Amino acid sequence: NGDDDNRAHVVVLSGFPCRVNDDPPTETDGPPGALAIARAAVGLGHRVTIVTDTCNEKVFRAACRDVGMWATTSDDSSSSPLMTLEAYPSEESMTEEDRIKMNRLALRNKGCDLVIACERAGPAQDGRCYTMGGIDMNAKDLIAPLHQIVMDEKSATENEETQGLVRFIGVGDGGNEMGMGKVLESVRTHIKNGSKIAAVTPADCLIAASVSNWGGYALGAAAAVVRYDDQVRGCYHQKDSEKAAAVDLRGWVERCVPTEQDEIELLDRCVQAGCRDGVSGKMESTVDGMPLETSLNCLREIRSAALSMETEEEGEIIACTFE
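Residues numbered from 1 in each chain as written. Predicted model: local features only at pLDDT ≥ 70, side-chain atom pairs only at ≥ 80, totals over all residues. Heavy atoms only, no water.

Caption draft 1: Focus on the pattern of salt bridges. Going through the model one piece at a time under the given rule, you end up with 15 salt bridges. A salt bridge links Arg39 to Asp262; the shortest N-O distance between them is 3.1 Å. Within this pair, whereas Arg39 is found in helix α1 (residues 31-43), its partner Asp262 is found in helix α9 (residues 260-272), the two being separated by 223 residues in sequence. Close ionic contact of Arg233 with Asp229 constitutes a salt bridge, the shortest N to O distance being 2.5 Å. Of this pair, Arg233 and Asp229 both sit in helix α6 (residues 212-237), separated by 4 residues, roughly a single helical turn. Of the residues examined, Asp229 reaches a relative accessible area of 8% and is grouped as buried. (Salt bridge = Lys/Arg side-chain N within 4 Å of Asp/Glu carboxyl O. Helix = DSSP H or I, 4+ residues; strand = E, 2+ residues; numbered from the N terminus. Buried < 20%, exposed > 50% of the residue type's maximum accessible area, 1.4 Å probe, protein only.)

Encoded structure:
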(Lines give C-alpha, C1' and ligand atoms only; values in the text may rest on other atoms or scores of the structure.)
Protein backbone atom coordinates (compact mmCIF):
# COMPACT_ATOMS: atom_id res chain seq x y z
CA ASN A 1 0.00 0.00 0.00
CA GLY A 2 2.85 2.34 -0.72
CA ASP A 3 4.56 2.40 2.65
CA ASP A 4 8.34 2.69 2.78
CA ASP A 5 8.98 -0.73 4.27
CA ASN A 6 6.55 -2.48 1.88
CA ARG A 7 5.11 -4.58 4.71
CA ALA A 8 1.47 -5.56 4.42
CA HIS A 9 -0.69 -3.53 6.79
CA VAL A 10 -3.13 -5.38 9.06
CA VAL A 11 -5.76 -3.43 11.00
CA VAL A 12 -7.05 -5.16 14.15
CA LEU A 13 -10.36 -3.84 15.48
CA SER A 14 -11.25 -4.62 19.08
CA GLY A 15 -13.02 -3.27 22.14
CA PHE A 16 -16.38 -4.19 23.59
CA PRO A 17 -17.37 -1.62 26.24
CA CYS A 18 -20.11 -3.75 27.75
CA ARG A 19 -19.50 -2.56 31.33
CA VAL A 20 -21.44 0.56 30.43
CA ASN A 21 -21.66 1.98 33.97
CA ASP A 22 -17.98 1.48 34.79
CA ASP A 23 -15.01 3.64 33.86
CA PRO A 24 -13.38 2.28 31.82
CA PRO A 25 -16.19 0.06 30.46
CA THR A 26 -13.70 -2.37 28.88
CA GLU A 27 -14.00 -6.13 29.39
CA THR A 28 -11.20 -8.68 29.62
CA ASP A 29 -12.32 -10.52 26.49
CA GLY A 30 -10.83 -8.63 23.57
CA PRO A 31 -7.46 -7.11 24.47
CA PRO A 32 -5.64 -10.47 24.81
CA GLY A 33 -7.11 -11.76 21.56
CA ALA A 34 -6.30 -8.55 19.70
CA LEU A 35 -2.70 -8.62 20.96
CA ALA A 36 -2.36 -12.30 20.02
CA ILE A 37 -3.49 -11.50 16.47
CA ALA A 38 -1.15 -8.50 16.31
CA ARG A 39 1.72 -10.69 17.47
CA ALA A 40 1.00 -13.22 14.73
CA ALA A 41 0.76 -10.56 12.03
CA VAL A 42 4.07 -9.01 13.08
CA GLY A 43 5.62 -12.47 13.38
CA LEU A 44 4.65 -13.17 9.78
CA GLY A 45 6.38 -9.99 8.66
CA HIS A 46 3.54 -7.47 8.56
CA ARG A 47 2.81 -4.26 10.46
CA VAL A 48 -0.28 -3.76 12.61
CA THR A 49 -2.55 -0.96 13.72
CA ILE A 50 -4.85 -1.86 16.61
CA VAL A 51 -7.96 0.32 16.63
CA THR A 52 -10.44 0.77 19.46
CA ASP A 53 -12.79 3.31 21.05
CA THR A 54 -11.54 6.20 23.15
CA CYS A 55 -13.34 4.73 26.18
CA ASN A 56 -11.22 1.56 25.83
CA GLU A 57 -7.94 3.32 25.10
CA LYS A 58 -6.53 3.20 28.64
CA VAL A 59 -6.85 -0.59 28.83
CA PHE A 60 -5.54 -1.21 25.32
CA ARG A 61 -2.53 1.04 25.92
CA ALA A 62 -1.78 -1.01 29.03
CA ALA A 63 -2.18 -4.21 27.00
CA CYS A 64 0.26 -2.92 24.34
CA ARG A 65 2.87 -1.87 26.90
CA ASP A 66 5.91 -4.07 27.62
CA VAL A 67 4.89 -6.79 25.19
CA GLY A 68 8.47 -7.51 24.16
CA MET A 69 10.76 -6.99 21.20
CA TRP A 70 8.33 -8.48 18.69
CA ALA A 71 6.40 -5.18 18.52
CA THR A 72 9.40 -3.02 17.64
CA THR A 73 11.89 -2.82 14.81
CA SER A 74 15.11 -4.12 16.35
CA ASP A 75 17.43 -3.44 13.42
CA ASP A 76 16.65 0.23 12.80
CA SER A 77 15.61 2.46 15.70
CA SER A 78 14.57 5.20 13.29
CA SER A 79 11.91 2.99 11.70
CA SER A 80 8.26 3.08 12.69
CA PRO A 81 7.13 0.53 15.30
CA LEU A 82 5.58 -2.62 13.90
CA MET A 83 2.51 -2.26 16.14
CA THR A 84 0.65 0.97 16.85
CA LEU A 85 -2.62 1.81 18.61
CA GLU A 86 -5.26 4.30 17.54
CA ALA A 87 -8.45 5.22 19.44
CA TYR A 88 -11.49 7.11 18.20
CA PRO A 89 -14.41 8.79 19.99
CA SER A 90 -18.08 7.99 19.52
CA GLU A 91 -19.67 9.06 16.28
CA GLU A 92 -21.46 11.93 18.01
CA SER A 93 -18.14 13.25 19.38
CA MET A 94 -16.06 12.75 16.24
CA THR A 95 -14.40 15.75 14.66
CA GLU A 96 -13.75 16.05 10.94
CA GLU A 97 -10.09 15.38 11.70
CA ASP A 98 -11.06 12.13 13.45
CA ARG A 99 -13.10 11.02 10.44
CA ILE A 100 -10.31 11.79 8.00
CA LYS A 101 -7.80 9.89 10.14
CA MET A 102 -10.09 6.86 10.57
CA ASN A 103 -11.03 6.76 6.89
CA ARG A 104 -7.32 6.67 6.10
CA LEU A 105 -7.37 3.08 7.39
CA ALA A 106 -10.40 1.96 5.39
CA LEU A 107 -10.26 -0.97 2.99
CA ARG A 108 -12.10 1.07 0.35
CA ASN A 109 -9.31 3.65 0.52
CA LYS A 110 -6.61 0.96 0.38
CA GLY A 111 -5.45 2.06 3.82
CA CYS A 112 -4.76 -1.54 4.80
CA ASP A 113 -4.49 -4.99 3.28
CA LEU A 114 -6.54 -6.93 5.81
CA VAL A 115 -8.92 -6.13 8.68
CA ILE A 116 -9.34 -8.55 11.59
CA ALA A 117 -11.99 -7.82 14.20
CA CYS A 118 -11.67 -9.63 17.53
CA GLU A 119 -14.45 -9.10 20.07
CA ARG A 120 -15.37 -5.85 18.38
CA ALA A 121 -18.87 -4.48 19.00
CA GLY A 122 -20.80 -4.64 15.74
CA PRO A 123 -23.87 -2.65 14.73
CA ALA A 124 -27.21 -4.45 14.59
CA GLN A 125 -29.87 -3.88 11.94
CA ASP A 126 -30.81 -0.53 13.48
CA GLY A 127 -27.18 0.66 13.46
CA ARG A 128 -26.80 0.42 17.25
CA CYS A 129 -24.35 -1.80 19.15
CA TYR A 130 -25.82 -3.87 21.96
CA THR A 131 -24.53 -5.93 24.88
CA MET A 132 -25.70 -9.52 25.20
CA GLY A 133 -28.37 -8.21 27.58
CA GLY A 134 -29.62 -5.74 24.99
CA ILE A 135 -28.12 -2.55 26.45
CA ASP A 136 -27.53 0.10 23.78
CA MET A 137 -23.85 1.06 24.04
CA ASN A 138 -24.27 3.87 21.48
CA ALA A 139 -26.75 5.54 23.82
CA LYS A 140 -23.97 5.65 26.41
CA ASP A 141 -21.72 7.49 23.91
CA LEU A 142 -19.18 4.64 23.95
CA ILE A 143 -19.02 3.33 20.37
CA ALA A 144 -16.80 4.68 17.61
CA PRO A 145 -18.02 3.85 14.07
CA LEU A 146 -15.12 1.49 13.41
CA HIS A 147 -17.31 -0.71 11.21
CA GLN A 148 -16.88 1.96 8.54
CA ILE A 149 -13.29 0.77 8.12
CA VAL A 150 -14.57 -2.42 6.46
CA MET A 151 -17.48 -0.89 4.60
CA ASP A 152 -16.84 -0.92 0.86
CA GLU A 153 -18.31 1.20 -1.87
CA LYS A 154 -19.29 -1.98 -3.67
CA SER A 155 -20.26 -5.37 -2.35
CA ALA A 156 -17.77 -8.22 -2.72
CA THR A 157 -19.84 -9.70 -5.53
CA GLU A 158 -19.84 -6.40 -7.43
CA ASN A 159 -16.17 -5.53 -6.96
CA GLU A 160 -14.10 -7.58 -9.40
CA GLU A 161 -10.84 -6.33 -7.86
CA THR A 162 -11.56 -7.87 -4.45
CA GLN A 163 -13.85 -10.75 -5.45
CA GLY A 164 -12.68 -14.00 -3.88
CA LEU A 165 -10.17 -12.30 -1.59
CA VAL A 166 -10.32 -12.47 2.19
CA ARG A 167 -10.22 -8.81 3.24
CA PHE A 168 -12.08 -9.06 6.57
CA ILE A 169 -11.78 -11.77 9.25
CA GLY A 170 -14.12 -11.68 12.24
CA VAL A 171 -13.65 -13.36 15.62
CA GLY A 172 -16.61 -13.44 17.99
CA ASP A 173 -18.45 -15.49 20.57
CA GLY A 174 -21.92 -14.05 21.14
CA GLY A 175 -23.31 -12.91 17.82
CA ASN A 176 -23.13 -9.17 18.52
CA GLU A 177 -19.56 -8.76 17.25
CA MET A 178 -18.35 -7.44 13.90
CA GLY A 179 -18.16 -10.26 11.40
CA MET A 180 -21.05 -12.25 12.85
CA GLY A 181 -23.29 -10.95 10.09
CA LYS A 182 -22.00 -13.95 8.14
CA VAL A 183 -24.31 -16.12 10.28
CA LEU A 184 -26.95 -13.46 10.88
CA GLU A 185 -30.04 -15.66 10.72
CA SER A 186 -28.49 -18.27 13.01
CA VAL A 187 -27.77 -15.59 15.62
CA ARG A 188 -31.28 -14.20 15.36
CA THR A 189 -32.74 -17.68 15.74
CA HIS A 190 -30.55 -19.28 18.40
CA ILE A 191 -29.10 -16.48 20.56
CA LYS A 192 -31.08 -14.83 23.35
CA ASN A 193 -32.09 -11.32 22.25
CA GLY A 194 -30.70 -12.29 18.84
CA SER A 195 -33.31 -10.43 16.83
CA LYS A 196 -32.23 -7.23 18.57
CA ILE A 197 -28.49 -7.60 19.14
CA ALA A 198 -27.31 -9.58 16.09
CA ALA A 199 -24.43 -7.81 14.34
CA VAL A 200 -25.06 -7.41 10.62
CA THR A 201 -21.53 -6.76 9.31
CA PRO A 202 -20.43 -9.99 7.58
CA ALA A 203 -16.85 -11.22 7.59
CA ASP A 204 -15.27 -12.90 4.59
CA CYS A 205 -14.01 -15.49 7.05
CA LEU A 206 -15.58 -15.96 10.48
CA ILE A 207 -14.08 -17.61 13.57
CA ALA A 208 -16.77 -18.41 16.14
CA ALA A 209 -15.19 -19.27 19.48
CA SER A 210 -16.43 -19.94 23.00
CA VAL A 211 -14.33 -16.92 24.04
CA SER A 212 -13.06 -14.45 21.43
CA ASN A 213 -9.58 -14.39 22.99
CA TRP A 214 -9.32 -18.10 22.30
CA GLY A 215 -10.21 -17.50 18.66
CA GLY A 216 -7.34 -15.01 18.50
CA TYR A 217 -4.92 -17.58 19.91
CA ALA A 218 -6.14 -20.19 17.40
CA LEU A 219 -5.83 -17.82 14.44
CA GLY A 220 -2.22 -17.05 15.37
CA ALA A 221 -1.42 -20.75 15.77
CA ALA A 222 -3.03 -21.65 12.45
CA ALA A 223 -1.08 -18.88 10.71
CA ALA A 224 2.16 -20.21 12.19
CA VAL A 225 1.46 -23.74 10.95
CA VAL A 226 0.50 -22.53 7.48
CA ARG A 227 3.68 -20.46 7.18
CA TYR A 228 5.74 -23.45 8.35
CA ASP A 229 4.02 -25.71 5.83
CA ASP A 230 4.54 -23.17 3.05
CA GLN A 231 8.26 -23.12 3.78
CA VAL A 232 8.51 -26.90 3.87
CA ARG A 233 6.57 -27.30 0.64
CA GLY A 234 8.83 -24.74 -1.00
CA CYS A 235 11.89 -26.72 0.03
CA TYR A 236 10.49 -29.96 -1.32
CA HIS A 237 9.52 -28.21 -4.53
CA GLN A 238 13.19 -27.28 -4.84
CA LYS A 239 14.04 -30.91 -4.01
CA ASP A 240 15.99 -29.78 -0.94
CA SER A 241 14.92 -32.23 1.76
CA GLU A 242 17.78 -31.21 4.05
CA LYS A 243 16.61 -27.61 4.07
CA ALA A 244 13.01 -28.76 4.58
CA ALA A 245 14.02 -30.73 7.67
CA ALA A 246 15.62 -27.61 9.10
CA VAL A 247 12.43 -25.50 8.94
CA ASP A 248 11.61 -24.64 12.54
CA LEU A 249 7.95 -25.14 13.45
CA ARG A 250 8.56 -24.14 17.07
CA GLY A 251 10.14 -20.90 15.92
CA TRP A 252 7.02 -19.94 13.96
CA VAL A 253 4.75 -20.85 16.87
CA GLU A 254 6.83 -18.74 19.24
CA ARG A 255 6.63 -15.80 16.83
CA CYS A 256 2.88 -16.06 16.37
CA VAL A 257 1.38 -17.37 19.62
CA PRO A 258 1.69 -15.88 23.12
CA THR A 259 2.91 -17.94 26.05
CA GLU A 260 0.94 -18.49 29.23
CA GLN A 261 3.21 -16.04 31.07
CA ASP A 262 2.60 -13.45 28.34
CA GLU A 263 -1.14 -13.71 28.95
CA ILE A 264 -0.86 -13.61 32.74
CA GLU A 265 1.17 -10.42 32.54
CA LEU A 266 -1.05 -8.87 29.87
CA LEU A 267 -4.24 -9.44 31.86
CA ASP A 268 -2.56 -8.09 34.98
CA ARG A 269 -1.76 -4.87 33.10
CA CYS A 270 -5.31 -4.63 31.79
CA VAL A 271 -6.87 -5.13 35.21
CA GLN A 272 -4.54 -2.57 36.76
CA ALA A 273 -5.83 -0.15 34.11
CA GLY A 274 -9.42 -0.81 35.22
CA CYS A 275 -10.48 -3.67 32.93
CA ARG A 276 -13.27 -5.90 34.23
CA ASP A 277 -14.68 -9.34 33.57
CA GLY A 278 -17.57 -8.74 31.19
CA VAL A 279 -19.82 -11.20 33.03
CA SER A 280 -18.97 -10.75 36.71
CA GLY A 281 -18.04 -7.08 36.51
CA LYS A 282 -15.09 -7.70 38.81
CA MET A 283 -11.67 -6.15 38.23
CA GLU A 284 -9.79 -9.45 38.10
CA SER A 285 -7.98 -11.64 35.58
CA THR A 286 -11.01 -13.73 34.67
CA VAL A 287 -12.67 -13.80 31.27
CA ASP A 288 -16.40 -14.16 30.63
CA GLY A 289 -16.93 -15.40 34.17
CA MET A 290 -14.32 -18.15 33.86
CA PRO A 291 -11.10 -18.39 35.89
CA LEU A 292 -7.81 -17.47 34.27
CA GLU A 293 -6.70 -21.10 34.32
CA THR A 294 -9.51 -21.98 31.88
CA SER A 295 -8.07 -19.59 29.31
CA LEU A 296 -4.52 -20.74 30.01
CA ASN A 297 -5.56 -24.35 29.50
CA CYS A 298 -7.06 -23.44 26.13
CA LEU A 299 -3.91 -21.55 25.13
CA ARG A 300 -1.78 -24.50 26.25
CA GLU A 301 -3.82 -26.92 24.12
CA ILE A 302 -3.68 -24.63 21.08
CA ARG A 303 0.10 -24.29 21.35
CA SER A 304 0.46 -28.04 21.83
CA ALA A 305 -1.73 -28.80 18.81
CA ALA A 306 0.26 -26.39 16.64
CA LEU A 307 3.60 -27.81 17.79
CA SER A 308 2.42 -31.36 17.10
CA MET A 309 1.99 -30.61 13.40
CA GLU A 310 4.57 -32.41 11.35
CA THR A 311 5.31 -32.80 7.67
CA GLU A 312 5.86 -35.96 5.75
CA GLU A 313 8.50 -36.20 3.07
CA GLU A 314 6.03 -35.00 0.47
CA GLY A 315 5.38 -31.88 2.52
CA GLU A 316 1.91 -32.80 3.70
CA ILE A 317 0.85 -31.75 7.20
CA ILE A 318 -0.28 -34.64 9.36
CA ALA A 319 -3.81 -33.78 10.47
CA CYS A 320 -4.21 -32.79 14.09
CA THR A 321 -7.52 -31.97 15.75
CA PHE A 322 -8.41 -30.13 18.93
CA GLU A 323 -10.06 -32.23 21.60
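Caption draft 2: Local environment of the nonpolar core. Among the nonpolar cores identified, the biggest contains 31 residues, and Leu35, Val48, Ile50, Trp70 and Met83 are the most heavily contacted of them. Secondary-structure elements contributing two or more residues to this core are β1 (9-15), α1, β2 (47-53), α2 (57-64), β3 (83-88), β4 (114-120), β5 (168-172) and α9. The contact partners of Leu35, leaving out residues within four places of it in the chain, are Ile50, Ala63, Cys64, Val67, Trp70, Met83 and Leu266. Core analysis: the next-biggest nonpolar cluster, separate from the first, contains 28 residues, Ala36, Ala244, Cys256 and Val287 among them. (Core = buried A, V, L, I, M, F, W, Y, C linked by side-chain atoms within 4.5 Å. Contact = heavy atoms within 4.5 Å.)

Caption draft 3: Spatial organisation of the packing of α1 against α9. Look at α1 against α9: their axes get within 10 Å of each other, and the N-to-C directions meet at 130°. In this view, α1 runs oblique relative to α9, as classed from their interaxial angle. Crossing of α1 against α9: the hand is right-handed. Contacts between α1 and α9 involve Pro31, Pro32, Leu35 and Arg39 on the former and, on the latter, Asp262, Glu263, Leu266, Leu267 and Cys270. Classifying every residue of the contact of α1 with α9 gives 6 nonpolar, no polar and 3 charged. (Axes fitted to C-alpha atoms, helices over the stretch in contact; angles between N-to-C directions. Parallel < 35°, antiparallel > 145°, perpendicular 65-115°, else oblique. Left-handed = near helix turned anticlockwise from the far one by under 90°. Nonpolar A, V, L, I, M, F, W, Y, C, P; charged D, E, K, R; others polar.)

Caption draft 4: Looking closely at the sheet that holds β4. If you trace the 6 strands from one edge of the open sheet to the other, you get β3-β2-β1-β4-β5-β6, paired in parallel fashion. Because the sheet does not close on itself, it has two edges, and the strands there are β3 and β6 (205-208). Sheet twist, expressed as the mean angle between neighbouring strand axes with direction ignored, is 20°. Bridge count for β4 against β5 is 4 bridges, and the pairing is parallel. (Pairing = 2+ DSSP bridges.)

Caption draft 5: The confidence of the model for the protein, seen in detail. In this model, the protein carries an average pLDDT of 90, and 89% of its residues clear a pLDDT of 70 or more. Here residues 153-157 is a poorly scored stretch, pLDDT under 50, and it has 4 contacts once near neighbours within four places are set aside; other chains count. Scored below 50 in pLDDT, residues 317-323 makes 15 contacts in the model with residues more than four places away or belonging to other chains. (pLDDT = per-residue confidence, 0-100.)

Caption draft 6: Focus on empty space enclosed by the protein. Tallied over the full model, the rule gives 1 cavity of 30 Å³ or more. Space inside the largest cavity adds up to approximately 40 Å³. Lining the largest cavity we find Asn213, Tyr217, Glu263, Leu267, Val287, Leu292, Ser295 and Leu296. Those elements that provide at least two residues to the lining of the largest cavity are α6, α9 and α10 (292-307). By residue number, the principal contributor to the lining of the largest cavity is α10, which donates 3 residues. Looking at the lining of the largest cavity residue by residue, the class counts come to 5 nonpolar, 2 polar and 1 charged. (1 Å grid on protein atoms, 1.4 Å probe; cavity = no way out; pocket = protein on both sides within 12 Å on 5 of 7 lines; lining within 4 Å. Points joined across faces, edges and corners; volume = space filled by probe spheres on them.)

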